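Listed below are the residues making up each chain.
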Amino acid sequence: FAWRAATCTTDDGVTCVIRGHHEVPPGTVLDYGDRHVILEGQLRMGAGPAPRSLTLRTGGDLLIRSAGRITTEPRGPRDRDAGDLTLTVRGTLTLRGQIELEGHPTQGTGGTLTLTTDGAVTIEATGAILADGASGGRLDLTIGGDLVLACRLKARGHASHGQVGTITLMVA
């Protein structure tokens, strides 16, 4: 709850607008209740012990504007893997910005994004979802409405010894 309140630049009880840069510790759960969430800034998972995860839940819609970004990446001297991100949206998701789960390019794995929505998902041309590392990450998307995809979805491995990533789409 404390992190949810700290990230809302404005909160009228219906919509939480997140501006600026917010670094949250691994294991943080941002539960916005029934509010709609508009991300205009950056949410970034900070350094911490494995397993590293970040969860965002909203009972409303989630809009990630073109300058909006959610990032999980190695942050500490011993971190290699990107970490995991769980997004649960009871309304619709519109992505104009970026979701990046990037592991170390020669030694780490891309993260895992688990996205579940009850409503439609629109990923516009300016948007991107990336899960990269020496070994590719994983994108698991379960969408309760229509899917409009006009951008890149990437789960790839960069290293010659790395594995490719996986993308799973389930659309109602």
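In case you missed it, the structure is sitting above this.
1. A short note on the overall build of the protein chain
Thinking step 1. Assigned secondary structure in the protein chain consists of 1 helix and 19 strands.
Thinking step 2. On C-alpha atoms alone, the protein chain measures out to a radius of gyration of 15 Å, which is about the 16 Å that the 2.2 N^0.38 rule sets for 172 residues.
Thinking step 3. Summarising its shape, the C-alpha atoms of the protein chain cover approximately 50 × 35 × 25 Å along the three principal directions.
Thinking step 4. In the protein chain, which comprises 172 residues, the share counted as buried stands at 48%.
Thinking step 5. Taking as baseline every contact in the protein chain between residues at least 6 positions apart, the subset at least 24 positions apart corresponds to 68%.
Thinking step 6. Total accessible area on the protein chain is roughly 7800 Å²; 50% of this is exposed by carbon and sulfur atoms.
Thinking step 7. Between the mean site of the 17 positive side-chain charges and the mean site of the 18 negative ones, the protein chain shows a separation of 5 Å.

2. Details of the pairing of strand β10 (residues 84-89)
Thinking step 1. Pairing between strand β7 (residues 53-58) and β10: 6 bridges, direction parallel. Counterpart to Ser53 in the pairing with β10 is Asp84.
Thinking step 2. Judged from the 6 bridges that link them, β10 and strand β13 (residues 112-117) form a sheet pairing that is parallel. Within β13, the position partnered with Thr86 by the bridge is Thr114.

3. Looking at the sheet that holds strand β1 (residues 10-11)
Thinking step 1. An order of β1-β2-β5-β8-β11-β14-β17 is seen for the 7 strands of this open sheet, with the pairing classed as mixed. Looking along the sheet, the strands with just one partner apiece sit at the ends: β1 and β17 (147-149).

The rules behind these values
- Residues numbered from 1 in each chain as written.
- Predicted model: local features only at pLDDT ≥ 70, side-chain atom pairs only at ≥ 80, totals over all residues.
- Heavy atoms only, no water.
- Helix = DSSP H or I, 4+ residues; strand = E, 2+ residues; numbered from the N terminus.
- Rg over C-alpha atoms; globule rule 2.2 N^0.38 Å.
- Buried < 20%, exposed > 50% of the residue type's maximum accessible area, 1.4 Å probe, protein only.
- Contact = heavy atoms within 4.5 Å.
- Areas by Shrake-Rupley, 256 points an atom, 1.4 Å probe, with all protein chains shown as cover.
- Lys, Arg positive; Asp, Glu negative; His and termini not counted.
- Charge placed at Lys NZ, Arg CZ, Asp CG, Glu CD.
- Pairing = 2+ DSSP bridges.

The analysis is restricted to geometry; functional conclusions fall outside its scope.
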